[in-house]
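# A structural walkthrough
One-letter residues, chain by chain:
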Amino acid sequence: MATRSELRVNEKAVRHHSKLNPPSPLGPGTKGLIILVVSFLTGKQILQMSLLIGLAGVPFIQNPAKYRGVIIVRRSNRVAFLLVSLLFSRFARPQVLHKTQPSGKAVQITLGESEVPLYGPWKFTVGDSPVDPTAGQMLWARPDFDDSKWETVDLAPANGRVDVMRLGFSGTVKGWTDRGHRGYFGYAWYRIRVRVTNSNFSSPLALSGPSYVDDAYELFTDGTLLGSFGDFSGRYPKILASRPIFFNLPWTPAALADSPSEHTLAFRVWMASFTGATQPDAGGIHTAPVIGTTGAVSAANHLGWLQLFRAYVSTMVEGSLFLLLAVIAFSLSRFDRSDLVYRWMGTIFLLIFLNSVIIVAEAFGQHLGALTGEFLIDVVVGPLIIGGWAIVWWIWFRLEHDWVPKAVALLTLAYMLSAAIGESFLYPYVSIHAAQWFSWSSIAVKLALFGLMLFIVLWGIRRRSAGAWLVLPAVLLLMIGRFGFELQQLHIAVRYMIFGVRIGLSQISSLLMMVVLFILLFRRLRQSIQRQQELALDVKQAQEVQRVLLPETVRLPGLSIESDYRPAREVGGDFFQVIPNTQDGSVLIVVGDVAGKGLQAGMLVAMIVGTIRTATETSVEPINVLNALNRRLFGRGGANATCIALSIESTGEVTLVNAGGVPPYLNGKELPLEGAFPLGMIAAPEFTVSHLKLGQGDSLMLISDGITEARNEEGELFGFGRVSALLQKRVSAAVLASEAQSFGQEDDISAVTITCA
């Protein structure tokens with residue numbers, strides 16, 4: 001039967017774990033174990049190694065390098081020896097020795113000013129403890145409870161390394177789902193009895209809880225609740241992401257001074273259904289708790305937080321880079337507001353940044369529970385990111401498939417629903433058996449969503465130029481990053497430690513995708529700038545054409561015609577033409593306003609002016625000209641215009657035909673005109689015809705609705721009243737247009753003044 005093992009730790013020791021299997025006894029004639037000599041110097045490096053002198057055949061310890069400063073030698077009656085001392089640097093760390101005890105026996109611990117891991121053996125069982133109705137204690141936490149029929153669990157990692165965070169690397173032990181309890185979630189208990197011996201230390205004792213546990217736990221010492229990781233006040237415990245945490249033990253050095261003291265530690269562990277559905281080998285404690293003096297445990301706890309920061313620093317960097325990309329994308333949208341791809345990309349970059357914020361808040365914060373964080377990541381943000389990328393590439397390639405956004409929205413909603421059920425977020429409303437089916441369904445829906453994305457990209461590459469193939473690597477990298485969990489289920493490494501920093505496969509793919517996206521954005525920006533330059537040239541040419549079409553000042557015998565035109569954009573939609581008749585000395589004036597603004601309206605103006613010029617070759621009668629314009633505009637899908645045409649004879653007689661235009665002003669007073677349909681509304685409209693006569697000094701003002709509909713910051717219209725007040729003062733067309741523009745221009749402004757000399 002194995003004897004108790006002693007665990008001794010030097011005062012300067014920090015956290016370190018390893019196992020020691022003592023060498024087998026030597027042959028007969030061995031008389032005693034000599035000494036263990038460890039030299040601890042303050043020099044810089046190893047200074048020397050002494051001689052080993054002995055007779056042939058002396059047995060020596062097997063594999064001495066395993067003990068890093070510990071040498072055990074036995075002497076026989078035939079052997080004389082001299083033991084070598086090993087010299088370490090001043091920073092060499094002493095070793096902690098451990099030996100597993102038979103089940104049911106207390107673990108002997110001799111403590112100095114240091115700490116030691118509690119590898120076991122632990123007693124384990126699933127289920128929850130009944131409560132003593134008299135004392136109100138949980139029976140399974142009491143030191144006198146018989147746990148001999150429970151399972152025995154060893155928390156020592158197989159490779160000798162301990163993972164200090166929930167990182168998914170080697171060095172942790174597998175959970176209860178890999179120990180014959182697959183599919184179980186809920187409560188489970190771990191118990192261990194320890195015997196602590198005071199080895200000349202005066203500091204209080206503390207215990208560092210398991211740094212990797214699924215998902216929350218309560219710690220009991222000798223039947224008394226000492227503390228918890230997670231909130232157990234509700235119906236179901238609120239769980240947090242695994243992190244370093246320590247508890248002060250009530251075992252004082254004075255109580256341990258006289259004789260070894262035996263105590264019982266019990267962990268009541270809770271695992272949520274979500275964890276078992278989303279993580280391989282889940283369930284219970286994965287790293288051993290550590291017991292020691294408060295100073296040593298606190299130092300190890302501080303080291304654990306530093307390692308936790310290093311583990312998530314890559315996530316912080318990734319989030320910061322995507323936030324920067326979001327700023328760049330939204331900034332690029334200012335160069336080309338018509339291209340929605342920049343805003344969509346900026347929104348997705350913000351979602352990826354939000355995803356990183358949730359991960360970091362879940363890892364370090366106290367308010368965001370692990371279940372809430374995982375729900376936001378897996379059910380809300382993750383599907384939106386994938387669906388958003390599908391829309392981005394649909395806009396990127398300017399595809400005309402109108403069914404694509406609907407299909408993306410449907411698949412995204414299906415992915416959200418299947419992920420919520422498949423990851424057991426809706427338990428107990430949905431059974432675990434149904435959740436497993438939906439878990440597979442969520443993978444199928446995600447594959448369908450990526451399949452649709454690949455279809456969009458490949459179809460776009462086929463239609464676009466050769467440079468469009470650069471989109472394909474970005475999509476493939478996105479797929480790799482978003483299938484990290486499925487790859488982990490296939491036992492493919494998805495996380496790596498590089499210089500102490502955790503780097504995940506998704507982060508590597510994200511960084512590579514950033515490079516590709518930066519190249520794509522730069523290429524698209526260059527193309528957008530080129531298109532804008534071409535458009536600016538087109539607009540400039542359209543402005544030149546419009547200046548030719550719209551005369552500023554015309555002088556005819558007996559008439560003075562002055563105009564002022566101020567488009568709301570580079571190219572406007574107002575028009576007027578002055579066509580004199582050399583045969584009888586009359587003049588035809590046509591003033592109008594097409595629906596809309598900008599370049600499209602300007603092109604419609606060019607067509608109208610051409611129609612007016614063509615129509616006047618056969619007739620200069622105002623009603624004939626308007627009928628010709630109506631025939632040209634009708635049936636052109638919303639191409640319509642308001643217009644007034646008038647003919648002024650040499651005698652001053654005026655024939656005015658109205659097609660929905662603003663009534664003109666004669667000497668500052670509005671002329672009464674009957675209403676009429678604008679041009680292009682119906683096939684055969686009836687225009688209103690009016691007659692008047694201009695005398696010497698009379699002034700007739702024609703204006704567009706852009707003057708009366710000018711609006712200031714308070715929403716007040718310029719209105720007909722202000723127009724009448726200004727025209728009573730006999731202001732020019734330029735003054736009236738300036739007043740309306742300064743009041744608040746929203747539409748094209750034009751004014752034409754006809755003065756009879």
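The paragraphs below set out a description of the structure included in this document. (Residues numbered from 1 in each chain as written. Predicted model: local features only at pLDDT ≥ 70, side-chain atom pairs only at ≥ 80, totals over all residues. Heavy atoms only, no water.)

### A look at the sheet that holds strand β17 (residues 290-293)
The pairing of strands in a sheet comes from backbone hydrogen bonds and takes either a parallel or an antiparallel form. Read from one edge of the open sheet, 4 strands run β6-β17-β10-β14, paired in antiparallel fashion. Looking at strand neighbours, the two that pair on one side only are β6 (115-117) and β14 (246-248), the edges of this open sheet. Shown here is a sheet whose adjacent strand axes are inclined to one another by a mean of 20 degrees, direction ignored. As judged from the 3 bridges shared by strand β10 (residues 205-208) and β14, these two strands associate in the antiparallel manner. Paired with Leu207 across the strands is Phe247, a residue of β14. This element, helix α2 (residues 294-333), spans β6, β10, β14 and β17 of the sheet and lies at about 130 degrees to β17. (Pairing = 2+ DSSP bridges. Helix = DSSP H or I, 4+ residues; strand = E, 2+ residues; numbered from the N terminus. Axes fitted to C-alpha atoms, helices over the stretch in contact; angles between N-to-C directions. Contact = heavy atoms within 4.5 Å.)

### Considerations on the nonpolar core
In this structure, Met345, Phe349, Trp389, Trp393, Met453 and Leu517 are the most contacted members of the largest nonpolar core, which totals 59 residues. Elements with a contribution of two residues or more to this core: α2, α3 (341-364), α4 (370-396), α5 (403-422), α6 (432-463), α7 (471-482) and α9 (505-549). Setting aside its immediate chain neighbours within four residues, Phe349 contacts Phe322, Leu325, Ala326, Ala329, Trp389, Leu517 and Leu521. Of all hydrophobic cores here, the second largest spans 34 residues; its members include Trp122, Tyr190, Leu205 and Leu249. (Core = buried A, V, L, I, M, F, W, Y, C linked by side-chain atoms within 4.5 Å. Buried < 20%, exposed > 50% of the residue type's maximum accessible area, 1.4 Å probe, protein only.)

### Structural notes on α7
Between the first and last C-alpha of α7 there are 17 Å, a value that for 12 residues agrees with the 16 Å anticipated at 1.5 Å per step. Restricting attention to buried positions, one finds in α7 the residues Val471, Ala474, Val475, Leu477, Leu478, Met479 and Gly481. (Expected span 1.5 Å × (residues − 1).)

### Overview of the packing of aromatic side chains
This structure, assessed with the given rule, holds 27 aromatic pairs. Centroid distance Trp122 to Tyr190: 6.5 Å. Interplanar angle 80 degrees. Geometry classified as edge-to-face. Of the two residues, Trp122 sits in strand β7 (residues 122-126) while Tyr190 sits in strand β9 (residues 186-198), which places them 68 residues apart along the sequence. Judged by its relative accessible area of 0%, Trp122 falls in the buried class. One aromatic cluster in this structure is built from Trp122, Phe124, Trp176, Tyr184, Tyr190, Tyr217, Phe229, Phe247 and Phe267. A cation over a ring is seen here: Arg268 above Tyr187, with NZ or CZ 4.0 Å from the ring centre. (Phe/Tyr/Trp six-rings, centres within 6.5 Å; stacked < 30°, edge-to-face > 60°. Lys NZ or Arg CZ within 6 Å of the ring centre and 35° of its normal.)

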